[in-house]
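Observations on the three-dimensional arrangement
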Amino acid sequence: MAQTSGVSAWWGAIRRDRKATSGAVLLALFALIGIAGPWLVGDPQALVGIPLQPPSLQHWLGTTGQGQDVLAQLVVGTRVSLAIGFAVGLVVVLVGAFVGITAGYFGGRVDGLLSLLFNVFLVIPGLPLAIVIAAYLPSGPLTLGLVLIVTGWAWNARVLRAQTLSQRQRDFVAAAIVTGESDFRIITREILPTMTSLLVAQVIGSTVYAIGAQVGLEFLGLGDVSAVTWGTNLYWAQNDSALLTGAWWTFAPTGLCVALVGFGLTMLNSGFDEITNPRLQLERAWRAHLFARGHKATRSTPVVVDHD
Amino acid sequence: MRFLLRRLGFYLLSAWVALTINFLLPRLMPGDPATALFARFRGRLGPEAMQALRETFGLTEAPLLSQYVTYLGHVLRGDLGISVAYFPSPVSAVIGTGLVWTVFLAGSAVAISFAIGTLLGLAAAWWRRGWMDTWLPSTLVFIGAFPYFWLAMVALYVFGFGLGWFPLGHAYADDLTPSFSATFFADVARHAALPVATMVLATLGGWLLSMRNTMITVLGSDYVNLARAKGLAPSRVALRYAARNALLPSVTGLGMALGFVLGGSLLTEIVFSYPGQGYLLVQAVRNQDYPLMQGIFLVITLAVLGANWLVDLAYLWLDPRIRESAS
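**Considering the overall build of chain B**
Tallying secondary structure elements over chain B gives 13 helices and 0 strands in all. The order of α-helices and β-strands along chain B, N terminus first, is α-α-α-α-α-α-α-α-α-α-α-α-α. Sequence-distant contacts, at least 24 apart, represent 73% of the contacts inside chain B between residues at least 6 apart.

Written out as structure tokens, the structure is:
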């Protein structure tokens, strides 16, 4: 896989696919809000008006139960929540890749032990475990990140192990082994490049997980409740009985943002999938071919012939 | 049989790992766990009672290994310690009251969501590129991107607070006593409707996509083409031939999803002040009630492991290949 075409190929792929484009635009928008927004809205903790005011010209999204500006809290929360989400998404895949590729590449007893480990972590329910760990540690972004990594890495390890296992049996890996290349070199130079698209997909998927789980934990009061993040915004909305006083503006915008980011990431991922999945690619070409000749596509699944 | 025994062995091992995590966490964490744990009791208990409590928890000066053995012994006898928030009730009694509600809520949500989602996925794959296939998946994926508890908040706001169609919380009306009567069950159903509906809505997309994607692959396979060529009724081809095999990955996913849905259910319960484990969990977090938190973790883990074993039974029934290789 040539390095030069890497970035531009992905870029072109995003632009060609409608789903991926809309996902990317949505994410870019939130990234912009997260980076530049906090300078525009002022102090989110400042008490600016009467508590629980509905949206008005002065406070576009109203005020919280404490009299803070909801919009300012939302914008500042975007930065923190997205930063933690992306960082955790990345680390979770790194840990998963390390364990999964080690298990799949070396096989035997190493594989048996590591597989057992991630299968156990997959079956133990994540949220209760996260809560128990988080409760013992001092609250803060580091604790939150650590907890999300501990409960989130196993799925990636499982997928990457399976992928490594199938790559391990390919001829080019066998050739590399015969040539006497070191295990480290084979893994990083031969096997990893074939999994680029899978790894990118996993980082995106793990980020969705990390944002959702983070918001859930903070909603429970396990984050730093004095910080301003999406999760703590919801925590305070629930604590101030926003629902029972009818103050929808204190919780509705935050949830909408969580969903929009999650949806944007999912769109980007499914767009990538259609680009990198040879089966879907072939089907698309076939349908275009039929359409050009004035036929209607019927239900069929084209089969990709393996040429190696 | 060998398959089931091997799975049982795996679940026992997982349970042991959960127990060990539970044992090690308070001892690995910074600071003296015993002090942190008992700081809450100070003033309420005399020194002798504190010593007795320490021994119940196994947090003594004894070597780690013997603490571990004591701990396992206590758990096996169903002794999970004393709750701080509900002092002096034992944790097992506190958890027991909420467990039924959580299992009921999460169980019915998973069952309903799995059934409807799978059927929709089947339909989407069968009428490929119809309106169902084009609009339903992306709509449901969008809804699924919302945090469960946020959907719950919106549902409660709109249907409970705004329209007044459903009660605002709790598992049944205050003026009713639990009994095996139609009125009581109807009331429980009315209270469960909103929480279950939000969880179903949030998880539907996953089941739909999983079923749709496998179904498309299966529908392109030779044996389905042969069934079609033989002139079998389309419904028979779809249900008896294709769907049964396409169901397998979804059933595998069911085991994984259980833990996830249970987590979401805990948060949903909080929004609806539903008297299950989620509500207890919040009390535990607020009061730094470590024994209760750990007890809930343990009980939920065991519930998920047990449910996974039931999923394995279903898998065995669906997939004759495993039955063949096992016998």
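On we go.
**Description of the overall build of chain A**
Helices and strands together make up the secondary structure of chain A, namely 12 helices and 0 strands. Looking at the 308 residues of chain A, the share that counts as buried comes to 41%. Sequence separation of at least 24 residues holds for 67% of the intrachain contacts in chain A that already meet a minimum separation of 6.

**Observations regarding the interface of chain A and chain B**
With 38 residues of chain A in contact, the opposing surface of chain B contributes 45 residues. Among the elements of the structure, α4 (108-123), α5 (126-136), α9 (196-219) and α11 (252-276) of chain A are those that each provide at least two residues to the side of chain A that touches chain B. At 9 residues, the largest contribution of residues to the side of chain A that touches chain B is made by α5 of chain A.

**Some remarks on helix α1 (residues 2-28) of chain B**
Under the 1.5 Å per step criterion, the end-to-end length of α1 of chain B is 38 Å for 27 residues, consistent within 8% with the ideal 39 Å. Within α1 of chain B, the full set of buried residues consists of S14, A18, N22, L25 and P26 of chain B.

**Quick word on the environment of I216 of chain B**
Tracing the sequence through the fold places I216 of chain B in helix α8 (residues 182-219). Counting along the chain gives 92 residues from I216 of chain B to A124 of chain B, while the straight-line C-alpha distance between them is 9.3 Å.

**Re the packing of helix α5 (residues 91-126) of chain B against helix α11 (residues 277-286) of chain B**
All names here are of chain B. Orientation of α5 relative to α11, taken along the N-to-C sense of each, is 140°, at an axis distance of 8 Å. Taken together, the axes of α5 and α11 are oblique relative to one another. Contact with α5, carried on its side by V94, I95, G98, L99 and T102, involves Q277, G278, Y279 and L280 of α11 and no other residues of that element. A breakdown of the residues in the contact of α5 with α11 according to their chemical character gives 5 nonpolar, 4 polar and no charged.

**Some details on the packing of α5 of chain A against helix α12 (residues 290-318) of chain B**
Following both chains from N to C, one finds α5 of chain A and α12 of chain B inclined at 160°, their axes separated by 9 Å at the closest point. Judged on the interaxial angle alone, α12 of chain B and α5 of chain A are roughly antiparallel. Seen from above, α5 of chain A lies across α12 of chain B with left-handed handedness. Two secondary-structure elements touch here, α5 of chain A through P128, L129, I131, V132 and A135 of chain A and α12 of chain B through Y290, M293, Q294, I296, F297, I300 and T301 of chain B. Class assignment for the residues of the contact of α5 of chain A with α12 of chain B results in 10 nonpolar, 2 polar and no charged.

**Some words on the nonpolar core**
Generally speaking, soluble globular proteins have nonpolar side chains that are buried together. Grouped together as the largest cluster of nonpolar side chains are 157 residues, with contacts concentrated most on I131 of chain A together with A152, M215, M293 and I296 of chain B. Sorting elements by how many residues they give to this core places helix α10 (residues 234-271) of chain B first, with 16 residues. Residue contacts for A152 of chain B: discarding those within four places in its chain leaves P195, T198, T268, V271 and F272 of chain B.

**A short note on the confidence of the model for chain B**
The predicted coordinates of low-pLDDT regions are not to be read in fine detail. Residue and element names in this part refer to chain B. Taken as a whole, chain B shows an average pLDDT of 80; of its residues, 90% reach a score of 70 or greater. Confidence, read as mean pLDDT per element, is least for helix α2 (residues 33-39) in chain B (60) and greatest for α5 (87). For this predicted complex, the interface score ipTM comes out at 0.81, while the overall pTM is 0.81.

**Let's talk about helix α6 (residues 131-144) of chain B**
With 14 residues, α6 of chain B ought to run about 20 Å at 1.5 Å a step, and its terminal C-alpha atoms sit 19 Å apart, in line with that. Structurally, α6 of chain B contributes buried residues whose contacts are with α5 and α8 of chain B.

**Topic: the environment of L52 of chain A**
Residues and elements named next belong to chain A. Among the structural elements, L52 can be located in the loop between α2 (18-41) and α3 (70-106). Separated by 196 residues in sequence, L52 and W248 have C-alpha atoms that sit 9.7 Å apart. Contact partners of L52, with chain neighbours within four places excluded, come to T63, G65, T245 and A247.

So, how was this worked out
Chains are numbered independently. Their residues run from 1 in the order of the written sequence. Each chain takes a letter, starting from A, and each ligand takes a number, starting from 1, following the order in which they are written. Owing to the predicted nature of the model, reporting of local features is limited to residues with pLDDT of at least 70; listing and counting of side-chain atom pairs is limited to 80 or more, with chain, interface and lining totals taken over all residues. The secondary structure listing takes helices from DSSP runs of H or I that are at least 4 residues long and strands from runs of E that are at least 2 residues long, numbered from the N terminus. What counts as a contact is two residues whose backbone-derived C-beta atoms lie within 7 Å of each other. Buried residues are those with 20 or more other C-beta atoms within 10 Å of their own C-beta, exposed residues have 12 or fewer, and partly exposed residues lie in between; C-beta atoms are placed from the backbone. Every helix has an expected span of 1.5 Å times one less than the residues it contains. For helices, the axis comes from a line fit to the C-alpha atoms of the stretch in contact; other axes are also lines fit to C-alpha atoms, and the angle between any two N-to-C directions lies between 0 and 180 degrees. Here the angle decides the label: under 35 degrees means roughly parallel, over 145 means roughly antiparallel, 65 to 115 means roughly perpendicular, and every other value means oblique. The classification used treats Ala, Val, Leu, Ile, Met, Phe, Trp, Tyr, Cys and Pro as nonpolar, Asp, Glu, Lys and Arg as charged, and all other residues, Gly among them, as polar. Rotating anticlockwise by less than a right angle from the far helix to the near helix defines a left-handed crossing, while the corresponding clockwise rotation defines a right-handed one. Structurally, a nonpolar core is described as a collection of buried Ala, Val, Leu, Ile, Met, Phe, Trp, Tyr and Cys residues joined by way of C-beta atoms within 7 Å. The predictor reports its confidence for every residue as pLDDT, a score running from 0 up to 100.

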